[in-house]
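# Structural overview for review
Spelled out from the first residue to the last, the chains are:
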Amino acid sequence: MTETSPIILVLPGGGYSRLAPHEGEPVAEWLRGIGWRARVVEYPVQTRHPGPLDVVRAEIAAERAAGVGIVGVLGFSAGGHLAGHAALTLAGGERPDFAVLCYPVVTMLADTHRGSRDQLLGPRPSRRAKRATSLERLVTPDAPPMFIWTTGEDKSVAIADHSYTLATALARNAVPHDFHVFERGAHGLGFAEGIPAEAWRGLAERWLEYRR
């Protein structure tokens, strides 16, 4: 691989208050093992919007400036929200070509996983601010392809409020996407080793083959 080969930027979760180690470098290492360049973006936490998004914007712009033609993002939980936010709001060369969202925080309008909202928008955000950062409200027909996975047992980022709403918006706008719901598993699984949800990696690997 060269420095201009396609790259995936990894965004760990952590509720916008920290960066979860198991969703960072181990994931980048796995991606390298299946033939991608990959690196972890240590975006700022305990920082109000648009601080984290501005960092991702700058990282993508730097890759484009270096001659990289394909830039993807992969995020977990709050990092999944950030990856999706970048995919749905950035424009031109700053927009990623695809996004992989792992049990992502999606909406800021519901109270589930309110900690992420409090960190990103403050404890008393306006309805306008919540709507502007809710991914399900930002989907347009030109959104990039997405791969989403979660579990039915995730109580921290409830599927009805989050992943289902995003998948529905993608379907309504005819945006190419894969959406996988595994029956078992709590929030923050990472690789989900030892349970059926670990199949997400194989599914994502095959999906990523079409993104080069």
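Check the entry above for the structure.
A short tour of the structure in this document, coming up. Along each chain, the written sequence defines residue order, and numbers are assigned to residues from 1. Two thresholds apply to this predicted model, a pLDDT of at least 70 for residue-level local features and 80 or more for giving and counting side-chain atom pairs, whereas whole-chain, interface and lining totals are computed over all residues. Side-chain metrics in this entry use all non-hydrogen atoms of the structure; hydrogen atoms and water are not considered.

This next bit is on the packing of helix H2 (residues 51–65) against helix H3 (residues 78–89). Axes here mean lines fitted to C-alpha atoms, for a helix over just the part in contact, with angles spanning 0 to 180 degrees between N-to-C directions. Secondary structure is summarised from DSSP: a helix means a run of H or I of at least four residues, a strand means a run of E of at least two, and numbering begins at the N terminus for each. Closest axis-to-axis distance for the H2/H3 pair is 10 Å, and the angle between their directions is 65°. The orientation of H2 relative to H3 falls into the category roughly perpendicular. Where H2 crosses over H3, the two elements pack in a sense that is right-handed. For the pair formed by H2 and H3, the contact residues are Pro52, Leu53 and Val56 on the first element and Leu82, His85, Ala86 and Thr89 on the second. Its residues assigned to classes, the contact of H2 with H3 comprises 5 nonpolar, 2 polar and no charged. Roughly parallel here means an angle under 35 degrees, roughly antiparallel means over 145, roughly perpendicular means 65 to 115, and every remaining angle is called oblique. Throughout, a crossing is termed right-handed when the near helix is turned clockwise from the far one, and left-handed when it is turned anticlockwise from it by less than a right angle. Here, residues are in contact when the closest pair of their heavy atoms is within 4.5 Å. Under the scheme applied here, ten amino acids are nonpolar (Ala, Val, Leu, Ile, Met, Phe, Trp, Tyr, Cys and Pro), four are charged (Asp, Glu, Lys and Arg), and all others, including Gly, are polar.

Let us look at unusual backbone geometry. For the bond running from His49 to Pro50, omega is 10°, close enough to zero to count as cis. Of note, Pro50 is situated in the loop between strand S2 (37–40) and H2. Within the chain, Tyr103 stands out as a residue other than glycine whose phi angle is a positive 35°. Among the secondary structure elements, Tyr103 is positioned in the loop between strand S4 (98–102) and helix H4 (114–121). Only protein chains enter the calculation, and the probe is 1.4 Å; a residue is then buried if its accessible area is under 20% of its type maximum, exposed if over 50%, and partly exposed in between. Taking relative accessible area as the criterion, Tyr103 reaches 2% and is therefore assigned buried. Here Ala174, not a glycine, exhibits a phi torsion of approximately 55°, which is positive.

The next thing to look at is the pattern of salt bridges. Counted as salt bridges are all cases of a side-chain nitrogen of Lys or Arg within 4 Å of a carboxyl oxygen of Asp or Glu. Tallied over the entire structure, the rule returns 13 salt bridges. With a closest N to O distance of 3.2 Å, Arg57 and Glu94 form a salt bridge. Linking Arg57 in helix H2 with Glu94 in the loop between H3 and S4, this pair joins segments that are 37 residues apart in sequence. Overlapping salt bridges bring together Glu3, Arg37, Arg39, Glu59 and Glu63 as one network.

All right, on to the packing of aromatic side chains then. Under the pairing criterion, centres of Phe, Tyr and Trp rings, with the six-membered ring standing for Trp, must be within 6.5 Å; the plane angle then separates stacked pairs below 30 degrees from edge-to-face pairs above 60, leaving the rest tilted. Summed over all chains, the structure comprises 12 aromatic pairs. Each ring, one from Trp149 and one from Phe182, has its centre 6.0 Å from the other, and the planes form 75°; the classification is edge-to-face. Taken together, the residues Trp149 in strand S5 (residues 146–151) and Phe182 in strand S6 (residues 177–182) connect sequence positions 33 residues apart. Ring geometry for Trp149 versus Trp200: centroids 5.1 Å apart, planes at 15°, classification stacked. Linking Trp149 in strand S5 with Trp200 in helix H7 (residues 200–208), this pair joins segments that are 51 residues apart in sequence. Ring pairing ties together the aromatic residues Trp30, Phe76, Tyr103, Trp149, Phe182, Phe191 and Trp200, which thus form one cluster. Here Arg201 stacks its cationic end above the ring of Phe191, 4.0 Å away from the centre of that ring. A positively charged side chain is recorded as over a ring if its NZ (Lys) or CZ (Arg) lies within 6 Å of the ring centre. The angle to the ring normal must also be within 35 degrees. When the ring centre of Trp207 is taken as origin, the NZ or CZ atom of Arg211, which lies over that ring, is 4.5 Å away.

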